[in-house]
Amino acid sequence: TLTSILGWVEKRLLAYHDTFDSVNISTMPNIVSIGISSAKILVEDISNEYRRKRKSEVDVARSRIDTYIRSSLRTAFAQRMEKADSSRRASKNRPNALPGLAILAKDVSELAAHEKKVFSPILKRWHPLAAGVAVATLHACYGNELKQFIAGLAELTPDAVQILRAADKLEQELVQTAVEDSVDSDDGGKAIIREMPPYEAEATIANLVKGWIKSRIDRMKEWVDRNIQQEAWNPRTSQEGLAPSAVEFFRVIDETLDAFFQLPIPMHPALLPDLVAGLDRCLQYYVTKAKSGCGSQNAFLPTMPALTRCTIGSKLGVFKKKEKSLNPQRRSSQVATDADSALGVPQLCLRINTLHRIRLELEVIEKRIITHLRNCDSAREEDFSNSTGKKFELTPGACVEGIQQLSEVLAYKLVFHDLSHVLWDSLYVGDISSSRIEPFLQELEQNLLFISDTVNERVRTRIITDIMRASFDGFLLVLLAGGPYRAFSRQDSQIIEEDFTALKDIFWANGDGLPSDMINRYSSTAREVLPLFRTDTESLIERFRRLTL
């Protein structure tokens with residue numbers, strides 16, 4: 001009889017969401033009471049009949065109620081799942097339709113609220129953690145579905161973000177209910193909370209966003225490789241001193257930032273440093289590519305003539321005779337002909353301007369990032385005040401280094417390659433008085449005017465200073481390592497000093513050029529060397545002998 005009664009009761013209680021509604025809910029406490037009484041008597045009867053001593057006292061009431069709650073909520077969850085699936089299918093072609101698991105999360109939230117309000121107060125009489133068991137069961141049911149969904153996720157999609165955010169919201173509600181229900185329990189609800197391993201929806205979203213960032217950055221690096229190869233560095237196609245590839249690159253960066261802040265995620269500030277670091281690496285990569293292949297200043301320095309020695313008694317004198325024409329082949333000015341080369345003066349000027357503009361543009365991007373953050377719901381005040389993760393760390397240094405390298409390359413290429421026909425190949429070759437510095441100064445001035453008109457004023461001084469340094473180096477090389485085509489007498493010292501003064505004056509430009517103290521600093525070596533040309537040979541030998549001792 002008791003077994004029949006218990007069977008009748010359990011038929012109703014193992015799916016009590018289907019059995020009871022607002023009309024008959026008042027009968028539930030009586031039915032539960034009958035079922036629990038029957039179960040208790042049966043347990044005691046079986047124990048006595050078989051004369052078994054139970055190892056531990058079983059709380060029959062709590063055990064039965066636990067079973068009823070879990071069974072009922074699993075059944076209710078399965079029904080809600082079917083309903084969410086049919087709802088998703090019905091709204092498939094509608095715009096902004098919610099994904100199935102997001103609908104299910106909303107339904108489960110409503111089911112948990114209904115359970116807590118209607119059934120938990122009744123069942124709490126026999127089970128103190130009735131609401132906690134209910135939400136733990138729902139947490140596990142939804143968690144199984146979510147786990148399968150996450151396992152199949154390959155990339156960040158709007159649907160995936162919606163589902164993961166809905167799962168995170170649901171989990172917070174379920175855990176909050178479990179905590180509230182466990183306040184008076186012996187273990188503070190630890191057992192129930194242990195049954196609810198975190199969904200880690202936020203961590204999943206973060207990993208997907210990091211994957212999204214990585215794929216974007218990888219595509220940008222491929223873009224840099226492709227576009228830098230095609231870049232002609234033609235000043236005629238530049239926009240406000242920026243190469244076309246740099247203009248396009250900044251457009252891609254703006255699009256990437258817009259796309260990032262449009263992602264429907266709750267943790268923009270936390271993931272922003274990953275994006276900024278990636279953009280920083282890409283910009284550094286662009287800067288490195290923009291200066292690569294330009295070489296270094298040493299590549300343009302002429303080869304030093306061999307120091308020859310003669311055996312004692314040789315009739316050749318100090319130097320061996322060279323079988324070479326006294327008039328080396330002269331080249332015409334390279335200013336115009338280099339215009340089509342990627343390493344001409346105009347092209348190098350555009351590269352320098354581009355790196356300078358990139359450095360300035362970084363501040364604009366950083367301000368734009370702060371503006372995006374201010375419009376972001378998840379941002380807090382400290383996200384604006386703290387600059388960590390929102391500034392470019394690598395690119396500014398790369399730009400400074402790149403400008404320095406390109407400036408030196410431009411200076412030494414101009415002096416030793418483009419103008420070599422009027423400096424290294426002809427200055428003081430043969431008759432000193434008829435091969436003076438004037439042709440070099442004329443062509444140098446043309447180039448200085450072009451550079452002054454072309455290069456941004458904030459890097460102009462650096463370039464002209466490097467050209468001055470290269471010019472002084474070139475002048476000294478002509479004097480000290482000019483080879484067998486040049487021979488100086490003491491009478492030539494006046495001409496050499498006048499020419500060097502003229503060379504300095506072109507950079508001073510009557511006070512409109514470089515500061516005189518800077519010119520003096522860079523010309524100090526030449527000022528020490530020039531007096532040697534008015535010194536007689538015996539004195540030079542004596543001074544050299546004393547130095548070597």
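About the cut-offs
Residues numbered from 1 in each chain as written. Predicted model: local features only at pLDDT ≥ 70, side-chain atom pairs only at ≥ 80, totals over all residues. Heavy atoms only, no water. Helix = DSSP H or I, 4+ residues; strand = E, 2+ residues; numbered from the N terminus. Expected span 1.5 Å × (residues − 1). Buried < 20%, exposed > 50% of the residue type's maximum accessible area, 1.4 Å probe, protein only. Polar contact = N/O pair within 3.5 Å; in protein donor to acceptor, adjacent residues only side chain to side chain. Core = buried A, V, L, I, M, F, W, Y, C linked by side-chain atoms within 4.5 Å. Contact = heavy atoms within 4.5 Å. pLDDT = per-residue confidence, 0-100. Axes fitted to C-alpha atoms, helices over the stretch in contact; angles between N-to-C directions. Parallel < 35°, antiparallel > 145°, perpendicular 65-115°, else oblique. Left-handed = near helix turned anticlockwise from the far one by under 90°. Nonpolar A, V, L, I, M, F, W, Y, C, P; charged D, E, K, R; others polar.

The name recorded for the protein in an unreviewed UniProt entry is MHD1 domain-containing protein, from Opuntia streptacantha.

*Asks:* How should helix α20 (residues 537-548) be read in this particular structure?
*Replies:* Residues separated by three or four positions in an α-helix point in the same direction, a consequence of the helix having 3.6 residues per turn. Counted at 1.5 Å a residue, the expected span for α20 with its 12 residues is 16 Å, and the 16 Å between its end C-alpha atoms agrees. α20 sits mainly on the outside: 0 of its 12 residues count as buried.

*Asks:* Honestly, the side chain of T354 in this entry has me stumped. Any pointers?
*Replies:* Note on placement: T354 falls in helix α12 (residues 345-374). Taking the relative accessible area as the measure of exposure, T354 reaches 0% and is therefore buried. A distance of 2.8 Å separates a polar side-chain atom of T354 from the backbone oxygen of L350.

*Asks:* Could you clarify how one ought to interpret the nonpolar core in this entry?
*Replies:* Grouped burial of nonpolar side chains is what soluble globular proteins tend to show. Counting residues in hydrophobic clusters, the biggest one holds 156 residues, and the most contacted among them are Y142, I467 and F507. Aside from chain neighbours lying at most four places away, what touches I467 is L410, A411, L414, V415, L444, L448, I451 and F507.

*Asks:* Where do I start with the confidence of the model for the protein in this structure?
*Replies:* If pLDDT is low for a region, its predicted coordinates should not be looked at in detail. Chain-level statistics for the protein give a pLDDT mean of 87 and a share of 88% at 70 or above. Note that residues 316-340 has pLDDT below 50 and, in this model, 36 contacts with residues that lie over four places away or in other chains.

*Asks:* What is the right way to read unusual backbone geometry from this model?
*Replies:* Comment: phi is negative for the bulk of residues other than glycine, and the bulk of peptide bonds are trans. Phi at E200 is positive, roughly 55 degrees, even though this residue is not glycine. You can see E200 is positioned in the loop between α8 (190-194) and α9 (201-230). Its relative accessible area of 52% is what places E200 among the exposed residues. The residue W233 is not glycine, and still its phi comes out positive at about 55 degrees. The residue W233 is located in the loop between α9 and α10 (244-262) in this model.

*Asks:* Explain the packing of helix α5 (residues 100-123) against helix α7 (residues 158-181) to me, please; I cannot follow it from the model alone.
*Replies:* Helix-helix packing: each pair is described by the crossing angle between the helix axes and the interaxial distance. Contact geometry of α5 with α7 gives a least axis separation of 8 Å together with a crossing angle of 15 degrees. Judged on the interaxial angle alone, α7 and α5 are roughly parallel. Classified by chirality, the crossing of α7 by α5 is left-handed. On α7, the residues touching L101, A102, A105, V108, S109, A112 and K116 of α5 are Q162, I163, A166, L170, E173, L174, T177 and E180. Residues belonging to the contact of α5 with α7 are distributed by class as follows: 9 nonpolar, 3 polar and 3 charged.

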